[in-house]
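A look at the structure
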Amino acid sequence: MHTTVGIIGGGPAGLLLARLLDRAGIDSVVLEHRDRAYVEERQRAGILEQGTVDALRACGAGERMDREGLVHHGIELRFDRRSHRIDFPSLTGGRSVMVYAQTEVVKDLIALRLAEGGGPLLFGAHAVAVEGAETGSPVIRFTHEGRERTLSCDYVVGCDGFHGIAREALPETVRRVFERVYPYSWLGILADVPPSCEELIYAHSPRGFALHSMRTPTVSRLYLQVPNGTDPADWSDERIWDELDARFAVDGDWKLERGPITQKSVTPMRSWVTEPMRHGRLFLAGDAAHIVPPTGAKGLNLAVSDVVVLARALEHWRATGSEELLDAYSDTCLRRVWRAEHFSYVMTTSLHTDPDQSPFDGRLQLSQLHRIADSTAAATELAENYTGLPIG
Ligand SMILES: Cc1cc2nc3c(=O)[nH]c(=O)nc-3n(C[C@H](O)[C@H](O)[C@H](O)COP(=O)(O)OP(=O)(O)OC[C@H]3O[C@@H](n4cnc5c(N)ncnc54)[C@H](O)[C@@H]3O)c2cc1C
């Protein structure tokens, strides 16, 4: 098998890249090692930045998102039993975000690839190695339907997430890794209950962080800061709701609606970047190259911005034969990646309670949160980063 662009991984990065290449008339093959149902049901992100929304619309993948997604014009910060709203459009010249689950983005992109005669998208195809990244004809070795197979490519793109294999093809002498592990995790739940708020609530409390988010008008998504190593089975539904109630407590009228919890999972918090994002004819995109703690809602959005930049560079190469934009890919993406890493770090450390933090640290956190609530300049900094900086 030969293709122009071999894509490892059928998550948001791989599927959107394939869609962008389809539209540009560049052939590609996507290898995804899970089955379709697994990929479509995997619960993860839910906040789309303005640039992500624009990119999905521009490639014809925004129709259902525009019908079913919920446009949000702000978020609420809650601390010291008080609420403070950050209004995005007035602080950013009109930018907003969209609540539309990653599961739905993935379903839309898979349906388009299969329905509109896009190139192959092989489920159950497990990539085991990328070879020849430094040559003019790299290959992906993979297994599919019990057979060992080889895909030869002009370019290979590793969109295979944090646990993927593509970045192993970067020699140790070239690869640099930057990492920070946080001393807490998130216990996330999905609940069949209408959201208790119209916009997301980010709550800082002495008991730890909590986030109220939503997936649809009838499904809520909520998170609690928990210690690393927490077993979700140790948290009964009642204990979760009681703890959420305590952390969202606010003076005045507000009630957290409870409902049946349909899913519980624990996610560790980690910041992690691999540099460079290109080696020879191998490119890394999305979680394969970097992850962020989810507090800033940046993971999915970074995956999208990487592949938008890469698709443009591949189009330029196809049209002109020049690799100029491909050469710039890693630097262009890393500037945005590090901005998102910083924002996610600031959001995480100002809202969570570090088990080792001193009373002094706690007062500094509150001071920073008050500053955001009281100062247009500080609120603008948050709003610009949250709604996302321009791509490219
Ligand atoms: C539990 C969890 C919760 C999250 N919550 C949020 C959130 O609330 N907000 C937010 O912004 N972000 C969140 N994220 C991050 C966000 O979901 C990711 O940043 C996003 O999925 C990145 O997309 P991706 O396509 O780069 O990687 P992935 O979505 O990880 O996709 C990689 C794909 O590659 C496939 N693959 C892996 N190895 C191979 C192989 N060897 N061969 C073939 N295929 C392979 C995988 O099956 C997968 O489908 C969360 C992540 C996790 C893990």
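Looking up the protein in an unreviewed UniProt entry gives the name 4-hydroxybenzoate 3-monooxygenase, with the organism given as Streptomyces xinghaiensis.

1. Describing the pairing of strand β11 (residues 147-158)
Two strands pair when backbone bridges link them, and strand β1 (residues 2-8) and β11 are joined in this way by 6 bridges, in the parallel orientation. The residue bridging I7 from the neighbouring strand is V157, located in β11. Relative to β11, strand β10 (residues 139-144) is paired through 6 bridges, and the arrangement is antiparallel. Within β11, the residue paired with I140 across the bridge is L151. Between β10 and β11, which pair antiparallel in sequence order, lie 2 residues; one of them, E145, sits at a positive phi of approximately 50°. Sheet topology note: the β11/strand β18 (residues 282-284) ladder contains 3 bridges and is parallel.

2. Things to note about the site of the ligand
With respect to spatial proximity, 32 residues lie near the ligand, and among them G9, G11, G161, G286 and G299 are the closest. Elements that contribute at least two residues to the shell around the ligand include exactly α1 (12-23), β2 (28-32), β9 (125-131) and α8 (299-320). Across the shell around the ligand, the residue classes break down as 13 nonpolar, 13 polar and 6 charged.

3. Remarks on α8
The terminal C-alpha atoms of α8, which comprises 22 residues, lie 32 Å apart, in line with the 32 Å expected from a rise of 1.5 Å per residue. Trailing α8 by a residue or two, G321 shows a phi angle of about 80°, which is positive.

4. Regarding the UniProt feature "domain: FAD-binding" (unreviewed entry) in the protein
Sequence positions flagged by UniProt for "domain: FAD-binding" (unreviewed entry) are, in local numbering, residues 3-344. With 31% helix and 34% strand, the stretch residues 3-344 has end C-alpha atoms that lie 37 Å from each other.

5. Considering the nonpolar core
In summary, soluble globular proteins display a tendency toward joint burial of nonpolar side chains. One finds I7, L17, V157, A285, V307 and L310 to be the most contacted residues of the largest nonpolar core, which totals 109 residues. Top element by residues in this core is α8. It accounts for 11 residues. If sequence neighbours within four positions are ignored, L310 has contacts with L17, V157, F283, A285 and Y329.

6. Section: the environment of W186
Looking at where W186 falls in the secondary structure, it is placed in strand β12 (residues 176-191). With 23 C-beta atoms counted inside 10 Å, the residue W186 sits in the buried group. Setting aside its immediate chain neighbours within four residues, W186 contacts Y223, Q225, V266, T267, M269 and P294.

7. Structural notes on the pairing of β1
Burial analysis of β1 places 5 of its 7 residues in the buried class, which makes it a mostly covered element. Assessed by its sense of winding, the connection that carries the chain from β1 through α1 to β2 is right-handed.

8. Overview of the packing of α8 against helix α9 (residues 324-351)
The geometry of α8 relative to α9 is characterised by a closest axis approach of 10 Å and an angle of 165° between their N-to-C directions. Relative to α9, α8 is oriented roughly antiparallel. Handedness of the crossing formed by α8 with α9: right-handed. Every residue of α9 that contacts α8 at L302, S305, D306, V309, L310, R312, A313, H316 and W317 is listed here: L325, L326, Y329, T332, C333, R336, V337 and A340.

9. Considering the sheet that holds strand β4 (residues 70-72)
The strand order across the open sheet formed by 3 strands is β3-β7-β4, and the pairing between neighbours is antiparallel. Since the sheet does not close on itself, it has two edges, and those belong to β3 (47-48) and β4, each with one partner. Of the pairings in the sheet, the one linking β3 to strand β7 (residues 97-99) comprises 2 bridges and is antiparallel in character. If you follow L48 over to β7, its bridge partner there is M98.

Conventions and cut-offs
Residues numbered from 1 in each chain as written. Predicted model: local features only at pLDDT ≥ 70, side-chain atom pairs only at ≥ 80, totals over all residues. Pairing = 2+ DSSP bridges. Helix = DSSP H or I, 4+ residues; strand = E, 2+ residues; numbered from the N terminus. Near = placed C-beta within 6 Å. Nonpolar A, V, L, I, M, F, W, Y, C, P; charged D, E, K, R; others polar. Expected span 1.5 Å × (residues − 1). UniProt positions renumbered as here; feature names shortened; annotations may be inferred. Core = buried A, V, L, I, M, F, W, Y, C linked by C-beta atoms within 7 Å. Buried ≥ 20, exposed ≤ 12 C-beta atoms within 10 Å, placed from the backbone. Contact = placed C-beta atoms within 7 Å. Right-handed = clockwise from strand over helix to strand, strands pointing away. Axes fitted to C-alpha atoms, helices over the stretch in contact; angles between N-to-C directions. Parallel < 35°, antiparallel > 145°, perpendicular 65-115°, else oblique. Left-handed = near helix turned anticlockwise from the far one by under 90°.

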